[in-house]
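# What the coordinates show
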Amino acid sequence: MSLTEAPQTTPERQAYYAKIDGQNFSALWNVLSGIITPAPKSACQPYLWEFGPARDLLMEAGSLITAKEAERRVLILENPGMRGQSRITTSLYAGLQLVLPGEVAPAHRHSQSALRFVMDGGGACTAVNGERTLMEVGDFVITPPNAWHDHGNESDRPMIWMDGLDIPMLSFYDASFAEGLGEDVQAITKPVGDSMARYGANLLPVDFERKGLASPLFNYPYARTREALEAMRRRDEWDPCHGLKMHYINPADGGSAMPTISPFVQLLPKGFATAAYRSTDATVFTVVEGTGRTTIGTTTYHWKPKDIFVVPSWHSVIHEASEDAVLFSYSDRVAQQKLGIWREARGTH
Ligand code: GTQ
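Here we summarise the structure given alongside this text. (Residues numbered from 1 in each chain as written. Predicted model: local features only at pLDDT ≥ 70, side-chain atom pairs only at ≥ 80, totals over all residues. Heavy atoms only, no water.)

Looking now at the sheet that holds strand 7 (residues 131-136). In space, the five strands of this open sheet follow the order 7-6-9-4-11, with antiparallel pairing throughout. Since the sheet does not close on itself, it has two edges, and those belong to strand 7 and strand 11 (178-180), each with one partner. On average, adjacent strands in this sheet sit at an angle of 25° to one another, irrespective of strand direction. Both strand 6 (residues 122-128) and strand 9 (residues 149-152) contribute to a ladder of four bridges, which runs antiparallel. Bridging from a neighbouring strand, cysteine 125 pairs with glycine 152 of strand 9. (Pairing = 2+ DSSP bridges. Helix = DSSP H or I, 4+ residues; strand = E, 2+ residues; numbered from the N terminus. Axes fitted to C-alpha atoms, helices over the stretch in contact; angles between N-to-C directions.)

Structure follows, in structure tokens:
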């Protein structure tokens, strides 16, 4: 059996293929090398979106349609290798959402999980499961699957965040459910800060029972994350491939904060260059602080705060920081790990 090439064709074989085609069959030997490849072959391409032009386009959308009419006023980041498919990697979606002062994005829920990573503005709110949280730049916020959520902006500045969802994954499994609440905002039943107090202080209520697989914490404020990174850097122990890289966890089980998406944050000190690394989880990065460049395969992308770039599966990646830099990223690593298919390789191969 050869995994690299299809057998020669003959007139008899051609006639046979036409015959089986009419009965909804096809011959594996003609497609085998294309469907079981020796290494990942992805339509996903590396790409970098600069924040400045993206912000201008979003503000233009702001004068064309309200958040309410749009339901969600979002520009989808379309991977150039998979245009029209509303995806940034094969399994993940990314968008940039704008909520202007005084606007609401009405309450709805869906089986897709969402993360928000706050890019610009400050003081807008999202409500999840009866609790509101204020969002500031760098905060990482979760909307668990099937949780009612609505967004509002009572600040005096436009608010822009990045949405990361598992939309392509749910469509792959044909498992999408969604409904609107029929109200702009959901009933608020909990005080601001409730979930942080209960689950974000290395404490859990004594009879805590998990509901679903997502973290019961839904805002991971950047101020805390940054402080943790700063304290850890004093040990001066840098991972050659990642600098100092942490993942956001669910305090109830120590696993990923989200069941289908792995969110990460990493610090790269000024002058640090990572060793080549690749993994099967295509990854979306955004720059929180600093400038630098990332080489994906043979192409180098220069970045600055708020830019977004994507590294496809099994592409070699090298980061170089010109200043102290903080990168937020997310991938489907946790999903692949649960299925036993995740793989990584360190160094050049
Ligand atoms: O904020 O609920 O970018 O439902 C795509 C789908 C955002 C949201 C998106 C959504 C949302």
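Next, the rest of the story.
Another point: the pairing of strand 20 (residues 317-321). Going residue by residue along strand 20, you find Val317, His319 and Ala321 tucked away on one face and Ile318 and Glu320 left uncovered on the opposite face. Alignment of strand 17 (residues 292-296) against strand 20, held across five bridges, turns out to be antiparallel. Pairing of threonine 294 across the sheet is with histidine 319, part of strand 20. (Buried < 20%, exposed > 50% of the residue type's maximum accessible area, 1.4 Å probe, protein only.)

The next thing to look at is the pattern of salt bridges. This model, assessed by the stated rule, comprises 19 salt bridges. Connected through salt bridges with shared partners, the residues Arg226, Glu230, Arg233, Glu289 and Asp324 form a single ionic network. (Salt bridge = Lys/Arg side-chain N within 4 Å of Asp/Glu carboxyl O.)

Pairing is antiparallel in the open sheet, where six strands are placed in the order 2-3-10-5-8-12. Each edge of the sheet is formed by a strand with only one pairing partner; in this case those strands are strand 2 (74-76) and strand 12 (219-220). Here strand 5 (residues 114-120) pairs with strand 10 (residues 159-165) via six bridges, running antiparallel. Across the sheet, valine 118 pairs through a bridge with tryptophan 161, a residue of strand 10.

Another point: the environment of alanine 335. Tracing the backbone shows alanine 335 in helix 8 (residues 333-339). Using a relative accessible area of 15% as the deciding quantity, one classes alanine 335 as buried. In contact with alanine 335, not counting residues within four places along its chain, are Met169 and Thr260. (Contact = heavy atoms within 4.5 Å.)

The values reported here are purely geometric and, on their own, carry no functional implication.
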